[in-house]
Structure formats: structure tokens, C-alpha cells
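Residues per chain, in single letters:
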Amino acid sequence: MKSISNIALSVITAFSFTMTSCQKDETDNPAPVNPSELITTVHLILSDSAGSSVIDTVSFIDIDGPGGASPVIDSMIIQSGVTYQLRLLLLDESKNPVLDISEEIAEESDFHLFVFTSAQAQTTTIDTDVNGNPLGLLNLLSAPAAGLGSYRVQLRHFDTPALKTANSQDYETDIEIDFGLRVN
Amino acid sequence: MHFLFSSYHHNSMRYILLWVILYASCMSVNAQQNCTLSLSIRVSEPGAGEALPGAVLLLEGTAMQSVSDSDGIARFHGLCDSTYSIVIRYLGFRESRLEVRPGEAIVSVRLKSDARALRAAEVVAGKVTPVAVESVDSIGAAELVQSRGEGLTQILSRVAGVTVMQTGNNVAKPVIHGLHSQRVLILNAGIRQEGQQWGTEHAPEIDPLIAGRLTVIRGVSSLRYGSDALGGVILVEPRELPHDPGIHAELNLVGQSNGRQGLVSGMVEQHLGRLYDICWRLQGTLRQGGNIHTPDVYLDNTGVREHNWSGSVGLERKRGGGEVYFSSFNGTYGIFSGSHIGSLSDLQRIISEGLTLTSDRFSYRIEAPRQEVSHRLLSVRSWYAMPNIGKVSARYGYQFNRRFEFDRDKPFSVPADQAEKPELELNLYTQTADVTLETRSIKGFMLETGVSLMLQDNQYGGQRYFVPNYRLWNAGVHLLVRRRLTRSMEAEAGVRYDMREQSVFRNASGVVVQDDYEFQLPNYSAGLLYRPDSTTTLRLHAGTAKRAPSINEWFSNGLHHGTATYETGDPSLGTERAWTISTGVRINRSEFKLDAGLYYLHVSDYIYLSPANEPVLTVSGAFPSFDYRSVDAAFKGADLDLSWQASGRVGIRSRGSAVFAWNESDSRYLELIPAPRIEHSVVYALADTRSRLDPELTLSVRNVFRQWRYTPGTDYMPPPAGYTLLNMEIAGTRKSPMGDIRFSLSVNNLLNTRYREYMNLLRYYSDEAGRNFVLRILVPLSFQTAPHDHPH
């Protein structure tokens with residue numbers, strides 16, 4: 001019966017060596033983690049109401065994604081009584097070539113809605129999704145009076161187009177950025 | 001205990017009244033009897049007639065049983081003056097039966113060898129050293145049958161002191177004395193279960209239907225098993241392979257109304273008889289469930305699918321044996337889709353408006369977010385009984401654990417080749433090898449010594465970084481000594497020393513960075529056991545243990561969807577050092593059983609996810625940030641398990657536990673500690689002589705209090721209110737030529753109570769499950785080979 005123990009021990013030894021050798025390489029050489037998608041950059045492009053000339057670009061930039069280095073967020077400075085065109089450009093600059101996320105949002109327009117919140121400024125969404133509901137990549141922005149405050153940009157993501165209504169609570173927030181706002 | 005806690009429970013008056021009435025009514029039943037006699041039986045081996053410790057004696061017609069001590073003596077108390085039938089069982093011997101009346105004299109019984117298998121040597125070979133001084137609780141075959149269809153963790157929570165940490169309805173892990181995850185060690189068929197057990201939303205990858213017994217060893221005293229188990233050790237022991245020639249099979253069927261869940265589990269086993277000494281078993285389980293219903297709505301994507309199987313082959317000879325065991329566990333678990341959020345304001349909106357984001361539809365479909373987990377385990381073991389020395393055993397284990405986590409659908413279009421890939425993929429390869437020597441009692445001393453080795457590789461895949469690759473080596477030695485000091489006092493002392501080397505590999509923008517760590521982990525433990533009489537045991541235990549940090553405590557770095565927190569590890573964290581002292585009393589009389597324990601645990605440099613000052617700012621808003629940090633922590637608590645067979649018909653049981661945890665460094669409460677709870681049950685054996693089903697009715701009330709030990713402002717939502725759940729079960733047994741067919745119908749959450757549990761990580765998003773009807777059927781199928789088939 002000693003042979004049983006002997007067999008077991010040799011099995012143990014044999015297994016440990018074989019297992020060690022076959023896993024070794026992969027553990028030592030981890031592949032870089034490549035997140036499937038990131039929104040590293042949000043540009044708010046302000047131009048005249050016709051959209052013919054760019055006046056200013058206000059940006060949120062966080063190239064390494066959540067965590068790590070903190071994002072850089074610009075403040076928005078606008079004139080009271082002027083109507084601006086506000087266009088959004090969303091990028092993934094961690095990829096090469098850079099991905100245009102706003103293009104992908106436009107393709108899935110019926111799943112998305114941009115919501116803009118500010119006590120100082122009013123935003124009117126011009127563009128619509130495939131069902132004729134507002135989307136928010138293209139807007140008009142104006143402020144009636146001078147003041148200091150904030151401008152919040154939120155991108156809501158709906159599981160199905162049916163859930164996309166003005167008062168729907170069943171969404172997930174993809175983007176939520178508070179920009180500083182000064183109205184002169 | 002419930003009087004103590006009732007002051008902060010809203011239903012307290014009604015509740016106390018109910019229990020006073022129940023206890024009082026049972027007392028009147030009990031007053032009719034006056035049985036105070038005792039009976040002692042000495043069990044010995046054939047031949048020289050050596051004392052046989054560890055034999056199981058059952059008093060037929062009652063629930064009483066006793067185990068022979070090291071002098072081979074087993075005692076029964078509280079007997080009436082009448083004739084009793086006693087069955088004596090011991091592995092490798094023929095079952096003996098005797099008729100006795102209680103009396104002063106010790107009755108001697110000499111067992112007969114089981115001639116069919118000639119397995120006398122198993123007196124040493126098959127025996128597990130009884131654990132002397134730790135707090136040990138087992139869930140045996142009967143309770144396992146009652147709990148078929150529940151997950152491993154839910155079954156374990158029947159032990160006082162064990163609670164459940166959940167992520168929704170399908171993912172649950174055991175919490176012992178307020179500690180969980182990497183601080184609770186699970187032994188699956190004798191092998192340390194190595195999954196990604198550090199994750200609070202990672203459940204143990206074990207099919208509870210493989211178990212013949214579940215044992216919970218609480219407290220730092222588990223030197224035999226490893227150095228990490230500050231909370232305790234859970235042993236999942238498969239049933240022993242059969243010893244009687246013939247084919248045995250068993251079929252388990254469970255249906256649950258909530259989630260429309262079905263479970264089918266089958267087992268077939270055979271002992272090939274004397275010529276081969278070989279036995280084998282195959283077992284498999286299929287489980288499928290759909291969306292869970294709260295008292296109000298169906299929760300989207302809360303289904304579950306599992307397919308598990310295991311097989312074993314054993315060889316047994318006179319002095320030794322061997323066994324090969326393999327198990328495969330495969331589970332897919334839906335995570336409630338309304339709990340996956342993109343930003344902190346989503347969570348705040350859900351809480352402040354009391355939203356449950358669900359479509360209120362039933363479906364078996366499991367979409368993302370979901371977990372797909374598989375675990376393969378191979379165990380090869382052999383043992384050999386050396387005459388006059390003891391038993392030596394060797395065991396090799398190989399495990400492969402794979403975890404896929406799929407996040408809720410991707411917000412933007414994704415390349416086709418990545419669309420079906422999990423966001424998180426972790427592959428863990430573990431090998432263990434152990435050699436143990438247990439000596440026979442030599443002049444009152446019993447020794448156990450052993451060496452254990454572990455080699456582990458963790459490989460990361462997927463698109464969302466969580467923990468890096470690593471390779472871990474661990475070598476441990478342990479020595480345990482037990483000695484009987486006086487007739488009624490026993491002492492145990494143990495030491496374990498582990499050495500651990502761990503290399504961590506990270507890819508930092510194309511460059512592989514290697515970090516090496518080394519740990520020395522000494523553990524010590526000592527205990528005293530005092531038996532003033534044969535039914536009472538007092539225990540005192542003290543110990544100290546060290547635990548090395550787990551990979552997430554060093555390197556996790558990422559966002560937790562569901563809890564809306566950003567977690568950051570700290571690679572400079574060192575080991576934890578725990579000190580514990582515990583005491584307890586166990587009374588085991590026929591009509592009355594008590595198991596009560598008190599413990600205190602102090603952990604220096606307790607690694608703890610603590611709130612950081614600065615939130616992490618991301619494109620989807622600011623998230624509260626949590627850092628892994630070392631603090632000094634203290635845990636103290638009490639467990640109580642009381643049962644009383646008030647009469648032949650009525651039995652009462654009360655189980656409760658409370659743990660208080662304090663963060664000494666920051667002078668505040670530790671988060672996510674289970675609230676005090678107590679459960680009472682009454683079993684009533686119905687008089688039903690006609691159908692001969694022996695029906696039994698069980699009514700139980702579970703009371704969980706509000707966790708008021710909470711520092712305001714440290715959670716998005718204060719701990720939920722306490723709750724009371726009512727459960728009912730009716731069970732019966734029908735004798736058949738194949739064996740006993742057992743069936744039961746139970747109703748959980750009978751009153752369809754709306755409640756939330758503090759230990760559920762998804763408590764922000766929905767209520768717990770509503771009423772659930774469960775039907776269980778167990779059909780044994782035995783094809784016993786007639787004894788005359790085997791020549792003697």
C-alpha cells in the first residue's frame with residue numbers, strides 16, 4: 001500500500017512541474033489593458049448663431065480616463081444678450097487614431113439625450129434623433145443678464161428608444177460635467 | 001436575547017408576546033414527563049477489544065445521538081425508565097443494534113468487522129481528528145435536505161454567527177463574525193477553494209449539492225488549514241463513498257415559485273464489492289431561474305443558470321486508500337439591471353425618488369450586467385495507516401477558476417470582435433500539495449503535523465482593468481498537540497508558519513513592471529476544554545494570526561458600478577495581525593441543547609476600504625473615492641443556538657448572533673457589519689397514523705434589527721429598517737423499498753413582507769424577494785446486492 005502514497009507523491013511532483021511551466025509565460029507578460037471605450041475629451045464649440053465662425057472652444061480633457069491624472073476643465077465666458085450656436089464634439093483621444101464619439105452618438109441618436117442645466121443660461125436643442133425627438137449635439141445658447149454660475153452638460157443613455165422621453169428616470173448617465181460659467 | 005434587543009425594534013411587543021405564549025404552551029406539554037435516567041455504553045474493537053472513540057450511537061425513535069469519547073464511552077441522559085433501541089455505527093464495522101434499559105452499569109458492546117469489505121484498519125485510516133477547542137458547528141444531511149435549492153451561503157447562514165453578504169439575489173458570500181471574503185477560508189473537498197474570493201460580489205463557486213456535511217469553524221484557530229482565515233473556516237465535505245456493495249442513486253427535485261426556479265440533481269454511486277475495493281460516484285446538478293419578484297415588481301435580469309457535476313473514484317484497502325475527485329462548477333448570474341449606474345447623481349436620484357428601475361416583466365433571459373463563473377477542481381489523495389504510529393495522508397489539488405463579468409450594454413458602438421467579450425476576465429490557476437501525519441493517542445498525547453505548498457497564477461484579461469497578474473508561492477508547516485490533562489480537562493496548542501512570495505506583473509503603457517513581495521506569517525493558538533459532566537463542555541481559546549494582503553488591497557484601481565465608488569489599492573500595505581480570545585459553553589442533553597459563545601477579536605493594521613477626502617472627478621461626474629488603508633479594529637460579539645425538545649411532538653429552537661465592530665484608529669463604526677438577528681422556530685410532529693408520512697410542521701420567525709451602529713454620512717442611505725420574516729414548512733417521509741422518499745413544501749416570506757437588508761450591496765435599488773413557495777422531493781433509488789452474492 002506504500003505504493004499508493006508513492007504514486008500520489010510522484011503525481012504531485014509531476015503535476016506541479018508541468019503546470020508551472022505551461023502558465024509561466026502569460027503571467028509574466030501581461031498585455032496592456034485596452035478599455036473598449038472612453039470619453040477623454042468633450043469640446044463645447046461656440047460660434048455665431050449661423051455657425052459660420054467659431055468664437056471659442058470650452059473643453060473637458062482627461063486623456064487617461066477615470067482615476068490617475070485629474071481632468072482639466074475650462075470655464076465658459078459668454079456675452080449677455082448674444083445668441084450662440086453650441087456644438088458638441090466628443091472624442092476618445094486615448095486611441096490611435098482618435099475616435100469621434102459624437103459621430104457614434106449620432107448613429108445611436110434614439111438612445112441618447114443631452115441635457116443642459118444652468119441658472120444663468122438658456123439652451124435650446126436644435127437637432128433631433130431618428131424619431132424626431134431632441135438629441136442635443138447642436139443647440140442655441142443665450143444668457144439674458146451678466147452673472148457667475150455653472151453650466152452642466154449631461155448625456156443620458158437609455159436602454160431602449162421607448163424609454164427616451166423628457167421625464168423618463170430610467171437612464172444611465174454617460175457624461176456629467178460642470179463647467180464654470182461667466183456671463184459678461 | 002430578544003428581550004435585550006427589543007427596545008429598538010418596532011414590532012417588539014407583539015413579538016415578545018408571541019414567544020412567551022409559544023414557550024409557555026410548550027412548557028405545559030413538557031411538564032407531563034419526568035425522565036432523568038442516564039445510560040453509558042462502551043464501544044470496543046473486535047479482537048483485543050481496544051476502546052473505539054468516535055463511534056456514532058443513535059437512540060432510535062428520538063433525535064438523540066452520542067459519540068464515543070477517547071475511552072470508547074458514549075452517554076445518554078434524560079432517559080425515561082423504559083427499553084431503548086440503540087444503533088451503533090462506525091465506518092468499517094457492521095452496524096450494531098442493542099436493546100437496553102437505562103441504569104448505573106456501563107454496557108459494553110464489541111463491534112464486528114464488516115466482513116464484506118475488510119476495512120477494520122479504517123479505525124485509524126478513515127477518522128478525522130475531532131476538533132477540540134474551537135467553536136464548531138455542522139449542518140448535517142437532514143438540514144441539507146431541507147435546504148435543497150438554496151445557495152451554499154444561504155445554507156451556511158443557518159449556523160449562528162454566519163450571515164450573508166449579497167449582491168442582489170444570486171450572488172452571496174458567507175460572513176463570519178463580521179469578517180468575509182479573503183478572511184474566510186473555504187475547504188472544498190479538502191482543498192482550499194481559490195476563486196477570486198477577495199471580491200465582495202464574488203460568491204463561492206461550489207455546488208452545495210455535493211456536500212454531505214458543511215462545517216463552520218469560527219475564530220482564529222484554523223491552523224490546520226491556512227493563515228488567512230481570521231473569520232473562520234468552512235468545510236464543504238462531500239459524502240463518503242459508499243461502503244455497502246450495490247448501486248445507490250438519489251434524485252433531488254426542487255421547484256420555487258419566485259423566479260420560477262427549477263433544480264434537478266442526481267447522484268449515482270457504487271461499491272464494486274470485496275474483490276475490487278473500488279467505489280465510485282457521479283453527481284450532477286442543473287438549476288435555472290428567472291426574474292425574482294419583490295412584493296411589488298419583477299426585477300429585470302435577475303435570473304440564474306448553473307450546471308455542475310462531480311465524480312470520484314476511491315480505492316480502499318486494509319491499511320490505506322486513495323481517492324480521485326473532480327468537480328466542475330458553471331454558473332451564470334444576472335445582476336439586476338436597475339443597479340448599474342453611470343454616475344453618482346444616478347444613484348442619488350434613485351434613492352431620493354425611491355425608484356426601482358425595472359420593466360416588471362418575467363423572463364429567464366440573462367443579459368449584461370452578468371457574471372459567468374466556472375471552477376474546476378481536481379483532488380488526488382491517498383492515506384496510509386502505519387501500525388502504532390498513525391495515519392499519513394497526502395493530497396494534491398489543481399483548480400482553475402475563470403470569472404467573466406459583462407457590464408451593462410456598451411454606450412457606443414464597439415468593434416464586432418470586442419462586442420461579445422467580457423469587460424472583466426480573470427483566470428486563476430492554483431495547485432496545492434499537502435502531507436499530514438496524525439498520530440494515535442500515545443500516552444494521552446495526540447500530534448498532528450503537516451506541510452502544505454501552494455502555487456498560484458492569476459492572469460487578467462478583459463477591457464476594464466481591475467487587478468494585475470501575479471504569481472504566488474506559499475509554503476506552510478503546522479504542528480498541533482492535544483493532551484488530556486485530567487479526566488474532564490483537555491488542552492490543545494498549535495503553531496503554524498507560512499512563507500509567502502508573490503510577484504506582481506503590470507503592463508504600464510507597454511512596459512512590464514514587476515513587484516516582488518515576501519511575507520513571514522507565524523500563527524499560534526491554544527485552547528482548553530473542560531467537561532464537568534458528559535453533556536456539558538466549556539471551552540476557552542486564544543490565538544494570534546497574520547494575514548498577507550490580497551491583490552485587490554494592493555492594486556485595485558477602478559470604478560465600481562453599482563456602488564458608485566472609486567476604489568484605490570495601496571501597494572505599501574503590510575500584513576494584518578489578529579488577536580482573539582473566545583469562550584463558549586455547549587450543553588448536549590436529549591431534550592435540551594445549548595451552544596453559546598462570546599468572542600473578542602482585535603486586528604492591528606486591519607486593511608479596510610476607507611473613505612478618502614477627495615472625490616475622483618470623471619467625465620461622468622464626481623465619485624466618492626475609497627482607499628485601502630490600515631486601521632486598528634475590534635470585533636466583539638455573541639452567538640447563541642438553543643434548542644429544546646419540549647415533548648415528543650414539539651421542538652423549539654432559537655438561534656441568534658450579534659457583532660459589534662469598531663474602527664479604533666478613526667473612532668467610528670466599521671461599515672457593512674451585519675445587524676443583530678435572531679430566529680425562532682417551532683417544529684410540531686403531526687399525529688397522522690393513517691398515511692404514515694410522519695408529517696412535521698415548522699414555523700419560524702426571523703428577526704433582523706436595524707444596524708444602528710453606523711456613522712451618519714458614511715453611506716448614501718442610512719441602514720434600512722429592521723424586519724421580521726415568517727417562514728413555514730410542512731415535510732413528510734414515505735418509506736419505500738428503495739429507501740425513504742422525502743418531500744416538503746415551504747413558504748418563505750409568508751406575509752410577503754417588503755424589506756431591505758443592510759448586507760445586500762444592491763439595497764439602494766430594490767426591495768428583497770417576496771413570498772416564495774418551495775417544493776422539494778428527494779427520491780432514493782437503491783439496488784442493494786444481496787449479501788449471498790459475495791463468498792465469505
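Residues numbered from 1 in each chain as written. Chains lettered and ligands numbered in written order. Predicted model: local features only at pLDDT ≥ 70, side-chain atom pairs only at ≥ 80, totals over all residues.

Observations concerning the overall build of chain B
And then number 1: Scanning chain B from terminus to terminus reveals eight helices and 41 strands.
And then number 2: Counted over contacts in chain B with a minimum sequence separation of 6, partners at least 24 positions apart contribute 65%. (Helix = DSSP H or I, 4+ residues; strand = E, 2+ residues; numbered from the N terminus. Contact = placed C-beta atoms within 7 Å.)

Brief notes about the overall build of chain A
And then number 1: Summing up its helical and strand segments, chain A has two helices and 11 strands in all.
And then number 2: In chain A, the order of α-helices and β-strands from amino to carboxyl end is α-β-β-β-β-β-β-α-β-β-β-β-β.

As for the sheet that holds strand β2 (residues 56-59) of chain B
All names here are of chain B.
And then number 1: With antiparallel pairing, the four strands of this open sheet are ordered in space as β3-β2-β5-β6. The sheet is open, and its two edges are formed by β3 (65-67) and β6 (96-100), each paired on a single side. For this sheet the average axis-to-axis angle between neighbouring strands, irrespective of direction, equals 20°.
And then number 2: As paired elements, β2 and β3 share three bridges and run antiparallel to each other. (Pairing = 2+ DSSP bridges. Axes fitted to C-alpha atoms, helices over the stretch in contact; angles between N-to-C directions.)

Details of the confidence of the model for chain B
Residues and elements named next belong to chain B.
And then number 1: The predicted model of chain B averages 84 in pLDDT, with 88% of residues at 70 or higher.
And then number 2: Between the elements of chain B, mean pLDDT differs from a low of 30, seen in helix α3 (residues 122-125), to a high of 96, seen in strand β38 (residues 696-704).
And then number 3: For the stretch residues 21-33, pLDDT sits under 50, and the model shows 11 contacts to residues farther than four places along the chain or on other chains.
And then number 4: What the predictor reports for the complex is a pTM of 0.82 with an ipTM of 0.82. (pLDDT = per-residue confidence, 0-100.)

Some words on the nonpolar core
And then number 1: Grouped together as the largest cluster of nonpolar side chains are 82 residues, with contacts concentrated most on Leu 156, Leu 187, Val 233, Ile 234 and Val 236 of chain B.
And then number 2: At six residues, the largest contribution of residues to this core is made by strand β31 (residues 592-611) of chain B.
And then number 3: For Val 236 of chain B, the contacting residues outside a window of four places in its chain are Ile 186, Leu 187, Asn 188, Ala 189, Ile 206, Ala 211 and Leu 214 of chain B.
And then number 4: Counting residues in each nonpolar core, the second largest holds 31 residues, with Val 42, Tyr 84, Leu 91 and Leu 99 of chain A among its members. (Core = buried A, V, L, I, M, F, W, Y, C linked by C-beta atoms within 7 Å. Buried ≥ 20, exposed ≤ 12 C-beta atoms within 10 Å, placed from the backbone.)

A word on the pairing of strand β15 (residues 246-256) of chain B
Residue and element names in this part refer to chain B.
And then number 1: When β15 meets strand β16 (residues 261-271), the two strands line up antiparallel, connected through 11 bridges. Along β16, the bridge assignment pairs Gln 256 with Gln 261.
And then number 2: Counted along the chain from β15 to the antiparallel partner β16, the turn is four residues long, and its residue Gly 259 has a positive phi close to 85°.

Concerning the pairing of strand β1 (residues 37-44) of chain B
All names here are of chain B.
And then number 1: Judged from the five bridges that link them, β1 and strand β4 (residues 73-79) form a sheet pairing that is antiparallel. Bridge pairing links Leu 39 to Phe 76 in β4.
And then number 2: The pairing of β1 with strand β7 (residues 106-110) spans five bridges and is parallel. Bridge pairing in β7 places Ser 44 opposite Arg 110.

Focus on unusual backbone geometry
And then number 1: Geometrically, the link from Asn 96 of chain A to Pro 97 of chain A is a cis peptide bond, its omega value of 5° lying close to zero.
And then number 2: By the element assignment, Pro 97 of chain A lies in the loop between β5 (84-92) and β6 (99-100).
And then number 3: Although it is not a glycine, His 177 of chain B adopts a positive phi angle of roughly 55°.
And then number 4: Its place among the elements puts His 177 of chain B in the loop between β10 (171-176) and β11 (184-188).
And then number 5: Judged by the 30 C-beta atoms lying within 10 Å of it, His 177 of chain B is buried.
And then number 6: Positive phi values are uncommon outside glycine, yet Arg 260 of chain B reaches one of about 45°.
And then number 7: Its place among the elements puts Arg 260 of chain B in the loop between β15 and β16.
And then number 8: With 17 C-beta atoms counted inside 10 Å, the residue Arg 260 of chain B sits in the partly exposed group.

Digging into the sheet that holds β1 of chain B
Residues and elements named next belong to chain B.
And then number 1: In spatial order, the strands read β4-β1-β7; together these three strands make up an open sheet with mixed pairing. Every other strand in the sheet has two partners, leaving β4 and β7 as the edge strands with one partner each. Put simply, the sheet's adjacent strands are angled 25° from each other on average, direction ignored.

Let's talk about the environment of Tyr 225 of chain B
All names here are of chain B.
And then number 1: As for its placement among the helices and strands, Tyr 225 is situated in the loop between β13 (211-218) and β14 (232-238).
And then number 2: Between the C-alpha atoms of Tyr 225 and Leu 187, which are 38 residues apart in sequence, the distance is 8.1 Å.
And then number 3: When sequence neighbours within four positions are dropped, the list of residues in contact with Tyr 225 reads Leu 185, Leu 187 and Val 233.

Considering helix α6 (residues 344-352) of chain B
Residues and elements named next belong to chain B.
And then number 1: When we look at burial in α6, the residues that qualify are Leu 344, Asp 346, Leu 347 and Ile 350. An end-on view of α6 places all buried positions within 160° of arc, on one side of the element.
And then number 2: Downstream of α6 by one or two residues, Gly 354 has phi in the positive range, about 60°. (Arc of directions from axis to C-beta.)

With respect to the environment of Pro 245 of chain B
Residues and elements named next belong to chain B.
And then number 1: Locating Pro 245 in the fold gives a position in the loop between β14 and β15.
And then number 2: Looking at Pro 245, the number of C-beta atoms within 10 Å reads 21, which means it is buried.
And then number 3: When the C-alpha positions of Pro 245 and Ala 661 are compared, they lie 53 Å apart, and in sequence the two are 416 residues distant.

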